Amino acid sequence: MIYKYNELLGKYKNRYQITKALENDELFKIEGGYYSNKNNPSEMEIINKKYREAIYTMDSAFYMHDLTDVIPTKHHLAINRKSRKISNPNVKTYFTSESFFGVGKSKMEIDNGLIVNIYDKERMLIELIRNKNKLPYDFYKDIINNYRDIIDTIEIRKIEEYLKYFKNRENIYKIIRNEVF
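Residues numbered from 1 in each chain as written. Predicted model: local features only at pLDDT ≥ 70, side-chain atom pairs only at ≥ 80, totals over all residues. Heavy atoms only, no water.

(A) Region of the structure containing the packing of aromatic side chains. Per the counting criterion, the structure on display carries three aromatic pairs. Taking the centre distance of 6.2 Å and the plane angle of 45° together, the rings of Tyr5 and Tyr35 count as tilted. Highlighted residues: Tyr5 in helix H1 (residues 5-12) and Tyr35 in strand S3 (residues 34-36), separated in sequence by 30 residues. When the ring of Phe62 is compared with that of Phe139, the centres are 6.3 Å apart and the planes differ by 75°; the resulting orientation is edge-to-face. Of this pair, Phe62 sits in helix H4 (residues 58-64) while Phe139 sits in helix H6 (residues 137-149), and the two are 77 residues apart along the sequence. Phe62 gets classed as buried once you look at its relative accessible area, which sits at 0%. The lysine or arginine in question, Lys92, covers the ring of Tyr94, its NZ or CZ lying 5.1 Å from the ring centre. (Phe/Tyr/Trp six-rings, centres within 6.5 Å; stacked < 30°, edge-to-face > 60°. Helix = DSSP H or I, 4+ residues; strand = E, 2+ residues; numbered from the N terminus. Buried < 20%, exposed > 50% of the residue type's maximum accessible area, 1.4 Å probe, protein only. Lys NZ or Arg CZ within 6 Å of the ring centre and 35° of its normal.)

Here it is in structure tokens:
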């Protein structure tokens, strides 16, 4: 588990006890202000702790939803447009309008019980269509084909509800109907 220094003060009571825990390898310093009870926590655990409001999107979300087998080279995170930029070379940041930042946000449990914020499959289908021209053709087609395979699990009402927040909603819905349904 990843801890912020202030959380450790609640658990260990004072700086001296934290230092002892570090010396005894009960705790490990990851980086300034962040600690772990494991020697090598996963990068995803660290990112999840540092950027609590961020939501996994695009390549990361497609991979985590099993819509592609292409492993992302970076963590793709959506953040509120008013948030400070994430300065991490392993993170690709998507600044998202406050009006639809939380649309389709859900939680997903991944390896070792880690719970992350992620856009649901319905929101990701909309994002796929919105970003169609920015994605490699083969990548796009692979994900569209995988959506066709899981069409029975997609909630059309959610898509219709989510589209109310986006420009070009009629065009996006038309493309979804033509390419997926």
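(B) Local environment of empty space enclosed by the protein. If you walk through the whole model with that rule in mind, you get one cavity of 30 Å³ or more. Approximately 30 Å³ is the volume attributed to the largest cavity. What lines the largest cavity is simply Ile47, Asn48, Tyr51, Ala54, Tyr56 and Leu77. (1 Å grid on protein atoms, 1.4 Å probe; cavity = no way out; pocket = protein on both sides within 12 Å on 5 of 7 lines; lining within 4 Å. Points joined across faces, edges and corners; volume = space filled by probe spheres on them.)

(C) Fine view of the environment of Asp59. Note on placement: Asp59 falls in helix H4. Apart from residues lying up to four places away in sequence, Asp59 is in contact with Pro72, His76 and Phe139. (Contact = heavy atoms within 4.5 Å.)

(D) A look at the layout of surface pockets. The volume enclosed by the largest pocket comes to roughly 330 Å³. In this structure, the largest pocket is lined by 16 residues; those nearest its centre are Tyr94, Phe95, Glu127, Arg130 and Asn131. Among the secondary structure elements, those contributing two or more residues to the lining of the largest pocket are strand S6 (91-96) and helix H5 (121-130). Its residues assigned to classes, the lining of the largest pocket shows seven nonpolar, four polar and five charged. (Nonpolar A, V, L, I, M, F, W, Y, C, P; charged D, E, K, R; others polar.)

(E) Representation of the environment of Glu122 within the structure. As for its position among the elements, Glu122 is in helix H5. For the pair Glu122 and Asn145, spaced 23 residues apart in sequence, the C-alpha to C-alpha distance is 15 Å. Apart from residues no more than four positions distant in its own chain, Glu122 is found in contact with Thr153, Ile154, Glu155, Lys158, Ile159 and Tyr162.

(F) The arrangement of the sheet that holds S3 in detail. Spatial ordering of the open sheet is given by S1-S3-S2, a layout of three strands whose pairing is antiparallel. Only two strands of the sheet have a single neighbouring strand rather than two, namely strand S1 (2-4) and strand S2 (28-31). On average, each strand axis in the sheet is inclined to that of its neighbour by 40°, with strand direction left out of account. Relative to S3, S1 runs antiparallel, the two sharing three bridges. Bridging from a neighbouring strand, Tyr3 pairs with Tyr35 of S3. Where H1 meets the sheet, its contacts fall on S1 and S3, and the angle it forms with S1 comes to roughly 95°. (Pairing = 2+ DSSP bridges. Axes fitted to C-alpha atoms, helices over the stretch in contact; angles between N-to-C directions.)

(G) Up close: the packing of H5 against H6. With their axes 11 Å apart at the nearest point, H5 and H6 run at an angle of 145° to one another. Considering the relative orientation of H5 and H6, their crossing is left-handed. Judged by residue contacts, Lys121, Met124, Leu125, Leu128 and Ile129 of H5 engage Tyr140, Ile143, Ile144 and Tyr147 from H6. A class-by-class count of the residues in the contact of H5 with H6 yields eight nonpolar, no polar and one charged. (Left-handed = near helix turned anticlockwise from the far one by under 90°.)

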